[in-house]
Amino acid sequence: MSEYERSRTMPAQPEHVFDQAANVAQLDAWLPEALHVRVEDPPAVTVHEDQSGQDMPALLRAAPDQMRLEWGTREQGAYTGWLQVAGIGSGASEVTVHLSFFDESHDPGERAVGEALDGSLRRLEEQVRMRVDNAGG
């Protein structure tokens, strides 16, 4: 089993960050660019991976009261992950994403996962900034 985790501070209230992260209609805006989520019958979703061309049945659950998203594969149990938003004061938040790969064949490796997580958190921050800027002005 391999586990990876990244965090990023974002200049927005945790509720704004979580609402953006949990917006299933805009997941593609911040997820790794090769992954696309299609909502079926929540919490059931299908994740399409561009590189392999495969569709994988998965689950995506949001817990707004905990400001947490959790996901994972349905049948194979290949991977799971979570995103947690926490307020850190002064109108800022810390977002942590954690991935666990139980099937080594699905683990793209430390470098690739690190780059994907860093890129996803950066894109999420951009989405949050756009939302906060548009709401404020």
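Now for a quick tour of the structure. (Residues numbered from 1 in each chain as written. Predicted model: local features only at pLDDT ≥ 70, side-chain atom pairs only at ≥ 80, totals over all residues. Heavy atoms only, no water.)

Before going further, it helps to spend a moment on the pairing of strand β2 (residues 35-39). Pairing of β2 with strand β3 (residues 44-49) involves five bridges; the strand directions are antiparallel. Looking across to β3, one finds that V39 is bridged to V45. The turn joining β2 and β3, which pair antiparallel and follow one another in sequence, is formed by four residues. (Pairing = 2+ DSSP bridges. Helix = DSSP H or I, 4+ residues; strand = E, 2+ residues; numbered from the N terminus.)

This next bit is on the environment of S120. Looking at the element boundaries, S120 is found in helix α2 (residues 110-136). Contacts of S120, omitting those with residues within four sequence positions, involve W30, L31 and P32. Looking at S120, its side chain comes within polar contact range of the main-chain oxygen of W30, at 3.1 Å. (Contact = heavy atoms within 4.5 Å. Polar contact = N/O pair within 3.5 Å; in protein donor to acceptor, adjacent residues only side chain to side chain.)

Ranked by size, the top nonpolar core spans 30 residues in total, and within it V17, W30, L83, V85, V95 and L124 carry the most contacts. Mapped onto this core, the elements with two or more residues apiece are β1 (2-10), α1 (14-21), β3, β4 (54-63), β6 (79-89), β7 (92-101) and α2. Top contributing element to this core by residue count: α2, with five residues. (Core = buried A, V, L, I, M, F, W, Y, C linked by side-chain atoms within 4.5 Å. Buried < 20%, exposed > 50% of the residue type's maximum accessible area, 1.4 Å probe, protein only.)

Quick look at the pattern of salt bridges now. Applying the stated criterion across every chain, the model contains seven salt bridges. Among the salt bridges present, the one from R8 reaches E125, with a minimum N-O distance of 2.5 Å. Note that R8 is positioned in strand β1 and E125 in helix α2, a separation of 117 residues in sequence. Between R131 and D19 there is a salt bridge, and its shortest N-O distance comes to 3.8 Å. Taken together, the residues span a long stretch of sequence, with R131 in helix α2 and D19 in helix α1 at a distance of 112 residues. Overall, the relative accessible area of 32% leaves R131 in the partly exposed class. (Salt bridge = Lys/Arg side-chain N within 4 Å of Asp/Glu carboxyl O.)

A few words on the layout of surface pockets. Here the largest pocket is characterised by a volume of approximately 950 Å³. Surrounding the largest pocket, 36 residues form its lining, P32, L35, L99, F101 and A116 being those nearest its centre. Broken down by secondary-structure element, the contributors of at least two residues to the lining of the largest pocket are β2, β3, β4, β5 (68-73), β7 and α2. If you tally residues by element for the lining of the largest pocket, the top one is α2, at eight residues. A per-class count over the lining of the largest pocket returns 24 nonpolar, eight polar and four charged. (1 Å grid on protein atoms, 1.4 Å probe; cavity = no way out; pocket = protein on both sides within 12 Å on 5 of 7 lines; lining within 4 Å. Points joined across faces, edges and corners; volume = space filled by probe spheres on them. Nonpolar A, V, L, I, M, F, W, Y, C, P; charged D, E, K, R; others polar.)

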